[in-house]
Every structure is written in structure tokens, then in C-alpha cells.
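Architecture at a glance
So you can see what is in the structure, the chains are spelled out below.
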Amino acid sequence: MIKNLFGLTLEQLQSEMQSIGQKKFRAGQIAAWIYQRGVHSFDGMNDLSKELRARLSEMYSIEPARLITQLNSPSTTKFLLELNGARVECVLMRHDYGNSVCISSQVGCAMGCAFCASTLNGCQRNLTAVEMLAQVVFINDRLRAESQKVDSIVVMGTGEPLQNFDNLIGFLKMIHEPYTLGMSYRRIVVSTCGIVPNIDRLAASDIPITLSISLHAPTDELRSQLMPINRTFDIKTVVEAGGRYADRTGRRVTYEYILIDGVNDSTEHARQLATLLKNQLANVNLIPINPVEGKSFRRPSKERIKDFVTVLESRGLGSTVRKEFGAEIDAACGQLRNRDLSAKVMK
Ligand code: SAH
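This text gives an overview of the structure that appears in the document. Worth saying up front: this structure is predicted, and the values here are computed from it rather than measured.

Here is what the cut-offs are and how they apply
- Residues numbered from 1 in each chain as written.
- Predicted model: local features only at pLDDT ≥ 70, side-chain atom pairs only at ≥ 80, totals over all residues.
- Heavy atoms only, no water.
- Phe/Tyr/Trp six-rings, centres within 6.5 Å; stacked < 30°, edge-to-face > 60°.
- Helix = DSSP H or I, 4+ residues; strand = E, 2+ residues; numbered from the N terminus.
- Buried < 20%, exposed > 50% of the residue type's maximum accessible area, 1.4 Å probe, protein only.
- Near = heavy atom within 4 Å.
- Polar contact = N/O pair within 3.5 Å; in protein donor to acceptor, adjacent residues only side chain to side chain.
- Areas by Shrake-Rupley, 256 points an atom, 1.4 Å probe, with all protein chains shown as cover.
- Nonpolar A, V, L, I, M, F, W, Y, C, P; charged D, E, K, R; others polar.
- Expected span 1.5 Å × (residues − 1).
- Contact = heavy atoms within 4.5 Å.
- Pairing = 2+ DSSP bridges.
- Axes fitted to C-alpha atoms, helices over the stretch in contact; angles between N-to-C directions.

**Quick notes on the packing of aromatic side chains**
Taken as a whole and assessed by the stated rule, the structure comprises 4 aromatic pairs. When the ring of Tyr35 is compared with that of Tyr179, the centres are 6.1 Å apart and the planes differ by 55 degrees; the resulting orientation is tilted. Taken together, the residues Tyr35 in helix H2 (residues 25-36) and Tyr179 in the loop between helix H5 (165-176) and strand E10 (188-192) connect sequence positions 144 residues apart. With relative accessibility at 0%, the residue Tyr35 sits in the buried group.

Pasting the structure below:
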């Protein structure tokens, strides 16, 4: 049986090398080729002897993510990748402050948010830690060709990362390792719809990432309509958990708030939001909605967005309006994958 070495930890690679009578340090050389140099054939590993390369090729393979489709706009590239038979999306966003990658944590999503394309076909399965890693390594390999790299990661693609907690933690630890990308935890954002017990577990894990909570409405009535999870963990419970996270980690929590025309974007909603987050170590990321096919939600006008921001400002709540990224290439979560799914059904 040919064994895939992609995704093995350094320790696992070390015992693999020892099991075939090699020195432990070979593992470090191989890990560097796989994770830091994008070399996925043993032939290219020119600091290993020819004999060893031939032997490794017989016994092992290196199987990173496979590219299915890619969509480009000037600032954004969206990739549909295949990972062990599952198709997932990840996105490269080129900001003036660096390259950010948005990865998926599940194949589909079970959360049922009314405005989101990722959840339309439910959740097929969790992604493993290695499958999350593979998305980042894939994009980092692409960037290397331009002498660039991944500078930050947002776990904000398809799926609910806190419903896949152990794999998420495994991924965070692995991407932080010096033999992979050595990514600083402070350059990673994890976004959740508010799975409260796991927000507390994340705080207790002492992995200092930035937590982002998808709020999207300031009242339980409205939030329950938009996000079914609110019937399990209501707004007060979620914001309290955000407060505990900030207290424990000293890190400011971001609240994401999609702006949907005529639904949650009035100045009254802004006042309610400011009251809710008063005295919290928090800021708000306002996201004019990316319209999703088959849903009637629209983006508010610039004036309405400005009025919303003005109310938050006047109440001392910091906010940013997310720059539009990739709406023209279906960058709203899950849209590329859905298109791929429906194309398969039509075939
Ligand atoms: N399940 C996690 C992470 C994935 S969603 C969460 O809920 O946070 C990542 C972010 O994209 C969330 O804030 C989500 O609400 C938002 N999002 C989903 N659909 C969107 C759309 N059509 N337009 C803009 N943002 C959207």
C-alpha cells in the first residue's frame, strides 16, 4: 500500500523514516519540501540521495489538494479544490496589507442561515485538520511562484468551525508549526455563528487567535429568523460568551453584521446593536450582503450603510465596513461549490 505523506506531522514523519531505517532528520528535509517548497514528487527533493528518492517513490506518495476550478478577479481568486473526494472552496484575497486566505471547515454547513449559500445542501462531513491545512498550503504554493506568501488566515469559508472543534484545534496547531507555515496565531481569525460551549473551550485552549462572532441582528426575534442557531444560543448568551473570551484572552472580539436592505439595516437596529455591545471589548465588521442566487436579500444603499455607521460611531462603537471582495466571482460563501454541485446533477 502506498502511503500518503501529506499532512503527517514532523513526529509522524520521523517515525516513518525510522521505520524504513533512515535517520530522523530526513523527516525535517521532507517536511520542508512538502509544506514550504511545494515539491510534491520525491524526484525533486535534491538534498536526498538518488537511492533514497527512488525508494521513497516506491513506498509513498504526496497528495495535496487538487484544483478543480478557479475564478479570478483583480483582488480575489476563488479556488474549488478536491480533498479526498470532497469539493471545498477557499479564497485568496490580496489586501494592501498582505495576502489573506479564507478556508472552509466543513463540506457544506448544517447551520441553515437564511442568507447563506453554504448551507443550501446541508453538511456532508467535517474536514480534517489536514484538509484545512491543505487549503492554505495550496494557496501558499501558488503565491510562492510570485515570491509571495500567505500572511493571514480567516476560517470563514463554508462550514461552522466550532462544530468541528477538535479538527479546528489540530489545524491551528499544525499551521503554527515552524515546519509548516509557522503562522502566528495572531494572524488567524476564526468565525462562528455562536456555538457557546465551544467559544469557552476555545478561550480555555490558550491559542490566541482572533474570535469573530456572526451576529447579524440585534434582537432575538430577528436573529432567530435569520440564524436558527439563535434558538439554541440566544443573543445574550452569545454576547456574554464573547465577553468571557475577551476577558480570558485580552483579545478584542469582532462581531460580524451582514447588512440586508430593509431587514436589519435601520438606524433603530444600529442603536440596538450599540446598546448590546456597550462596555464590551468588541468591534463590528459590517458586511453589505453578497446576494445569493434564489434568495431575495439585497444590499442596502450607500446612504443607508452610512447612516448605520454614523449611529454606531456616535455611540462609541468601532466599526469597519468590509471592502467588497469578489462578489463578481460568486465569492459569497458556498456559491462556487453550489454551482459545481448543480452542474453535476444536470450532467
Ligand atoms: N459558520 C461561521 C463561518 C462561516 S460563514 C459563521 O457563521 O461565522 C462566514 C461569514 O460569512 C459569516 O459571518 C456569515 O454570516 C457570512 N456570510 C454568509 N453568507 C453571506 C452572504 N451572502 N453575504 C455576506 N456574508 C455572508
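**Quick look at the site of the ligand**
With respect to spatial proximity, 18 residues lie near the ligand, and among them Glu160, Ser191, Ser214, His216 and Glu256 are the closest. Backbone polar atom of Phe115 to a nitrogen atom of the ligand: 3.1 Å apart, as the coordinates give it. With respect to the ligand, the backbone of Thr192 contributes an N or O atom lying 3.4 Å from an oxygen atom. In isolation the ligand has 530 Å² of accessible area, and contact with the protein removes 95% of it. Taken together, the residues of the shell around the ligand sort by class into 9 nonpolar, 7 polar and 2 charged.

**Looking at H5**
Between the first and last C-alpha of H5 there are 17 Å, a value that for 12 residues agrees with the 16 Å anticipated at 1.5 Å per step. Buried-residue contacts for H5 involve H2, helix H4 (129-144), strand E9 (152-155), E10 and helix H6 (196-204).

**A few points about the sheet that holds E9**
One open sheet holds the 10 strands; their spatial order is E3-E4-E5-E6-E9-E10-E11-E12-E13-E14, and the pairing between them is mixed. Each having just a single partner strand, strand E3 (66-72) and strand E14 (319-321) make up the two edges of the open sheet. Neighbour-to-neighbour, the strand axes of the sheet open up by a mean angle of 20 degrees, direction not taken into account. Across 5 bridges, the pairing between strand E5 (residues 86-95) and strand E6 (residues 98-102) is antiparallel. Residue His95 lies in a different strand from E6, and its bridge partner there is Gly98.

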